[in-house]
Amino acid sequence: MSGGLLFALGGIALFAIGISALVLRPHLLRKILALNVMASGVFLILVGGGSGVQGVDPVPQAMVITGIVVSVSATALGLALVLRIARMTGHASLPEDRNRAAAEAKAE
Amino acid sequence: MTALVTETPWIVWTIALPLAGALASFMLPRRSVAIGLAAAFATAAAAAGLVAQVVARGAVAHRIGGWDAPLGIALGADGLSALMLAMAAVVGLGVSIYARSYLAPTPEKARAFWPLLLLLWTALNGLFQSQDIFNLYVTLELLGLSAVALVALAGTGPALIGAMRYLLVSLFGSLSFLVGVALLYHTYGTLDLSLLAERSADGLPVAVPLSAMIAGMLLKTGLFPFHVWLPPAHGSARAPVSALLSALVVKASFYVLLRLWFTFQPEAPGVAVLLGVLGAIAIFWGSLQALRQRRLKLLVAYSTVAQLGYLFLAFPLAGGDPALNWGGSVYLALSHALAKGAMFLAAGGIMMEEGHDDIDGLDRVVDRMPLTLAAFALAGISLAGLPPSGGFVGKWMLLQSAMEQGLWYWALVIIVGGVLTAAYVFRVLGSAFTESAQEHEEHAVPRVMELTALTLALAAVALGFVAPWALPLLDGVLP
């Protein structure tokens, strides 16, 4: 297996792990972390997927740097929103996730 | 004069002016209203310049700083970009004028509103003129972040939760798009849309990334069943923000979807039919939900879910004359932007006057706000697709495309959807014309707010008359 393929598969695995946490974990902080894991997965595909054969291609590096900037800003906005939601409602989760958790607890 | 139109690099101005305005209004918060309005007019003027340039010269392009792709960023505008920029300019200017009066009682909100509005506009103009898929990703993210912040501006619990859900969905959608970008780059060694169109062939190397990108864009456009985030976000934001979101922001991801489809021209009839079926379900589900809503703004938001469904009917109709199905869909997107912008602005006026937006509690609003009700009714005419509005032209083209290909069931969807639209519009109008038992206080609404809503609604109707000049712009863009 070539290095590039390994990186790409690892990236896809990270992306999938991120999706599952984003959907299944009710706490908003975990959801934001899940999006960060997903972003790391994509960056891994970008940087690792093409390296090896003819040296290093600068374009994916430039894309990942831009992507990291976007991801940091989005995380900051997300965290600010979580704080305000927690202060205002007393919960750091979305109502539909709380309802689902309550329904599951009842079923057990 | 003509040299001014044809030689000025309008592409740069359409992005630089709102960006400069956003920074200036952020740095000088006490002057934010004046700076914001000036920047809005300047941006709209630059967009008008660009449209005139595209009409005179055809597609135009610009390399930022003289750098070539792949490290430089190439921008370009063709007829489709020009129409989208014009849409953003008309709605953006209307919302700006409206917001000046609407936000006047809450200056601290106004200070945050103007930089965000102008950033959103920058992102839109950048997105509509992006020539490579990575730049599309960056502008999508800029658009999403400013839109989320605008929703949160309302500051209420539902708005914050709506904003949070919107942020999660929006980031998920863009990351899914970025996966596609990464895979395409590694396969074809380019990000440029026109080069990708040349190099790509049908098969798995295109199908996998394209599916990821399309799924991301469906999520962000809010096509059924990915629409659940849309009504709470659009319904809980302040009125000018709702207008921007429903009119422009969802169209941006639809535009990306169209560009991808035109670039790769996938031979995937199954996917096209699936998109059409989801669109048809969106029309029925969105309209029925709109009929059931008690709150006016949620009704208008569910109407967006329904009307977005129409845009996707173009995909299963792609077998015939491309000018009819794609042209019809693009024209529906334009007229929906104007009509829905007008409708949300009118709803904001009614909410301000009545102090609530409970539909059954509207007490003879027509006596006190005839202009706003006229705006709502005219916007409703365009949404329902009655002649001579822009919505009529778009739906007529889709109908014609369906009938020419003998696909009568799509025609049936279009017609029944129109009837349902008329039903929920008349539900609001009926309530506004009759007395209500509910007690309420009357608040004065600035006349300029009523007039901007009415102007946008009239523009949605007038769009039906400019079709002979607007539609030829799409020649050469459609596949």
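Residues numbered from 1 in each chain as written. Chains lettered and ligands numbered in written order. Predicted model: local features only at pLDDT ≥ 70, side-chain atom pairs only at ≥ 80, totals over all residues. Heavy atoms only, no water.

Some thoughts on the overall build of chain A
Turning to step 1, where the next piece is worked out: When helices and strands are counted, chain A shows 4 helices and 0 strands.
Turning to step 2, where the next piece is worked out: At 18 Å, chain A has a C-alpha radius of gyration far larger than the 13 Å of a compact globule built from 108 residues.
Turning to step 3, where the next piece is worked out: Summing over all exposed atoms, chain A offers an accessible surface of approximately 6,000 Å²; the carbon and sulfur share of this is 68%.
Turning to step 4, where the next piece is worked out: Each charge class in chain A was averaged separately, 8 positive and 5 negative side chains, and the resulting centres sit 10 Å apart. (Helix = DSSP H or I, 4+ residues; strand = E, 2+ residues; numbered from the N terminus. Rg over C-alpha atoms; globule rule 2.2 N^0.38 Å. Areas by Shrake-Rupley, 256 points an atom, 1.4 Å probe, with all protein chains shown as cover. Lys, Arg positive; Asp, Glu negative; His and termini not counted. Charge placed at Lys NZ, Arg CZ, Asp CG, Glu CD.)

As for the overall build of chain B
Turning to step 1, where the next piece is worked out: A tally of helices and strands in chain B yields 19 helices and 2 strands.
Turning to step 2, where the next piece is worked out: Over its C-alpha atoms chain B spans a radius of gyration of 21 Å, differing by no more than 12% from the 23 Å that the globule rule assigns to 479 residues.
Turning to step 3, where the next piece is worked out: Across the 479 residues that make up chain B, the buried fraction comes to 65%.
Turning to step 4, where the next piece is worked out: Partitioning the contacts of chain B with sequence separation of at least 6, the portion at a separation of at least 24 is 81%.
Turning to step 5, where the next piece is worked out: Accessible area for chain B stands at about 16,500 Å²; split by element, carbon and sulfur atoms hold 68% of it.
Turning to step 6, where the next piece is worked out: For chain B, the separation between the mean place of its 23 positive charges and that of its 25 negative charges on side chains is 7 Å. (Buried < 20%, exposed > 50% of the residue type's maximum accessible area, 1.4 Å probe, protein only. Contact = heavy atoms within 4.5 Å.)

Concerning the interface of chain B and chain A
Interfaces are often sized by the accessible area lost when the parts come together.
Turning to step 1, where the next piece is worked out: Contact residues are listed per partner, giving 32 residues for chain B and 35 residues for chain A.
Turning to step 2, where the next piece is worked out: Buried surface at the junction of chain B and chain A, summed over both partners, amounts to about 2,900 Å²; 87% is from carbon and sulfur atoms.
Turning to step 3, where the next piece is worked out: At the surface where chain B touches chain A, the tally comes to 1 salt bridge.
Turning to step 4, where the next piece is worked out: Salt-bridge contacts for A:Glu96 lead to B:Arg165; the nearest nitrogen and oxygen are separated by 2.7 Å.
Turning to step 5, where the next piece is worked out: Where chain B touches chain A, the interface holds 4 residue pairs in polar contact (both at pLDDT 80 or more).
Turning to step 6, where the next piece is worked out: Listing elements by their share of the side of chain B that touches chain A, those giving two or more residues are α6 (133–152) and α7 (157–188) of chain B.
Turning to step 7, where the next piece is worked out: Ranked by the residues each element gives to the side of chain B that touches chain A, the list is headed by α7(B), at 19 residues. (Buried area = accessible area lost by both parts, 1.4 Å probe. Salt bridge = Lys/Arg side-chain N within 4 Å of Asp/Glu carboxyl O. Polar contact = N/O pair within 3.5 Å; in protein donor to acceptor, adjacent residues only side chain to side chain.)

A word on the side chain of B:Thr452
Turning to step 1, where the next piece is worked out: In this fold, B:Thr452 is placed in helix α19 (residues 447–470).
Turning to step 2, where the next piece is worked out: Every residue in contact with B:Thr452, bar those within four places of it in the chain, is listed here: B:Gly94, B:Ile97 and B:Tyr98.

Some details on the environment of B:Arg259
Residues and elements named next belong to chain B.
Turning to step 1, where the next piece is worked out: Its location among the elements puts Arg259 in helix α11 (residues 239–264).
Turning to step 2, where the next piece is worked out: For Arg259, a relative accessible area of 11% puts it in the buried group.
Turning to step 3, where the next piece is worked out: Linking Arg259 and Gln131, residues 128 residues apart in sequence, is a C-alpha distance of 9.8 Å.
Turning to step 4, where the next piece is worked out: Residues within four places of Arg259 in sequence aside, it is in contact with Asp78, Leu80, Ser81, Leu193 and Val477.
Turning to step 5, where the next piece is worked out: Looking at Arg259, its side chain comes within polar contact range of the side chain of Tyr255, at 2.7 Å.

A closer look at the packing of α11(B) against helix α13 (residues 296–311) of chain B
All names here are of chain B.
Turning to step 1, where the next piece is worked out: Contact geometry for α11 and α13: axes closest at 12 Å, N-to-C directions at 15°. One element, α11, and the other, α13, form an angle in the roughly parallel class. Judged by the sense of rotation from one axis to the other, the crossing of α11 with α13 is right-handed. On the side of α11, the interface is formed by Ala239, Ser242, Ser246, Val250, Lys251 and Phe254, while α13 contributes Lys297, Thr304, Leu308 and Leu311.
Turning to step 2, where the next piece is worked out: Across the contact of α11 with α13, the residue classes break down as 5 nonpolar, 3 polar and 2 charged. (Axes fitted to C-alpha atoms, helices over the stretch in contact; angles between N-to-C directions. Parallel < 35°, antiparallel > 145°, perpendicular 65-115°, else oblique. Left-handed = near helix turned anticlockwise from the far one by under 90°. Nonpolar A, V, L, I, M, F, W, Y, C, P; charged D, E, K, R; others polar.)

A short note on helix α9 (residues 204–221) of chain B
Since the α-helix advances by 3.6 residues per turn, residues separated by three or four positions end up pointing in the same direction.
Residues and elements named next belong to chain B.
Turning to step 1, where the next piece is worked out: The terminal C-alpha atoms of α9, which comprises 18 residues, lie 25 Å apart, in line with the 26 Å expected from a rise of 1.5 Å per residue.
Turning to step 2, where the next piece is worked out: Looking only at α9, the buried set comprises Val206, Pro209, Leu210, Ala212, Met213, Ile214, Gly216, Met217, Leu218, Leu219, Lys220 and Thr221.
Turning to step 3, where the next piece is worked out: Buried residues belonging to α9 abut α6, α7, α10 (230–236), α11, α12 (269–292) and α13.
Turning to step 4, where the next piece is worked out: Once α9 ends, the next one or two residues include Gly222, with phi positive near 80°. (Expected span 1.5 Å × (residues − 1).)

Focus: the packing of aromatic side chains
Residues and elements named next belong to chain B.
Turning to step 1, where the next piece is worked out: Within this structure, the stated rule accounts for 14 aromatic pairs over all chains.
Turning to step 2, where the next piece is worked out: Ring plane angle 5° and centroid distance 4.8 Å describe the contact between Tyr166 and Trp229, whose orientation is recorded as stacked. Remark: Trp229 occurs in the loop between α9 and α10 and Tyr166 occurs in helix α7; sequence separation between them is 63 residues.
Turning to step 3, where the next piece is worked out: Between Phe315 and Trp326 the ring centres are 5.1 Å apart and the planes differ by 85°, which places this aromatic pair in the edge-to-face class. Linking Phe315 in the loop between α13 and α14 (322–354) with Trp326 in helix α14, this pair joins segments that are 11 residues apart in sequence. In terms of burial, Phe315 and Trp326 fall into one category: buried.
Turning to step 4, where the next piece is worked out: Grouped by ring-pair contacts, the aromatic residues Phe254, Trp261, Phe262, Phe312, Phe315 and Trp326 constitute a single cluster. (Phe/Tyr/Trp six-rings, centres within 6.5 Å; stacked < 30°, edge-to-face > 60°.)

A word on the nonpolar core
Turning to step 1, where the next piece is worked out: If you look at the biggest cluster of nonpolar residues, it comprises 211 residues, and the most contacted ones within it are B:Phe113, B:Met164, B:Phe177 and B:Phe315.
Turning to step 2, where the next piece is worked out: The element that contributes the greatest number of residues to this core is α11(B), accounting for 19 residues.
Turning to step 3, where the next piece is worked out: If we ignore the near neighbours within four places in the chain, the residues touching B:Met164 are A:Leu28, A:Ile32, A:Gly78, A:Leu81, A:Val82, A:Ile85 and A:Leu94. (Core = buried A, V, L, I, M, F, W, Y, C linked by side-chain atoms within 4.5 Å.)

Examining the side chain of B:Ser335
Turning to step 1, where the next piece is worked out: Tracing the backbone shows B:Ser335 in helix α14.
Turning to step 2, where the next piece is worked out: Excluding residues that lie within four positions of it along the chain, B:Ser335 makes contacts with B:Ser382, B:Gly390, B:Gly391, B:Ala460 and B:Leu463.

Some thoughts on the pattern of salt bridges
Turning to step 1, where the next piece is worked out: Scanning the model with the defined rule gives 10 salt bridges over all chains in all.
Turning to step 2, where the next piece is worked out: For B:Asp358, the salt bridge identified is with B:Arg294, shortest N-O distance 3.3 Å. Here the residue B:Asp358 occupies a position in the loop between α14 and α15 (365–368), and B:Arg294 occupies one in the loop between α12 and α13, the gap between them amounting to 64 residues.
Turning to step 3, where the next piece is worked out: Exposure remark for B:Arg294: the relative accessible area of 54% places this residue in the exposed category.
Turning to step 4, where the next piece is worked out: It is possible to trace a salt-bridge network through shared partners that takes in A:Lys31, A:Asp97 and A:Arg100.

Here's the deal with the confidence of the model for chain B
Turning to step 1, where the next piece is worked out: Looking at chain B, the pLDDT average stands at 93 and 99% of residues meet or exceed 70.
Turning to step 2, where the next piece is worked out: The ipTM value of the predicted complex is 0.94, and its pTM value is 0.95. (pLDDT = per-residue confidence, 0-100.)

Some remarks on unusual backbone geometry
All names here are of chain B.
Turning to step 1, where the next piece is worked out: Cis geometry marks the peptide bond from Phe224 to Pro225, where omega comes out at 0°.
Turning to step 2, where the next piece is worked out: Secondary-structure assignment places Pro225 in the loop between α9 and α10.
Turning to step 3, where the next piece is worked out: Here Pro387 and Pro388 are connected by a cis peptide whose omega angle stands at 5°.
Turning to step 4, where the next piece is worked out: With respect to the helices, strands and loops of the structure, Pro388 is situated in the loop between α16 (370–384) and α17 (390–404).
Turning to step 5, where the next piece is worked out: With phi around 40°, Gln265 is a residue other than glycine that occupies positive phi space.

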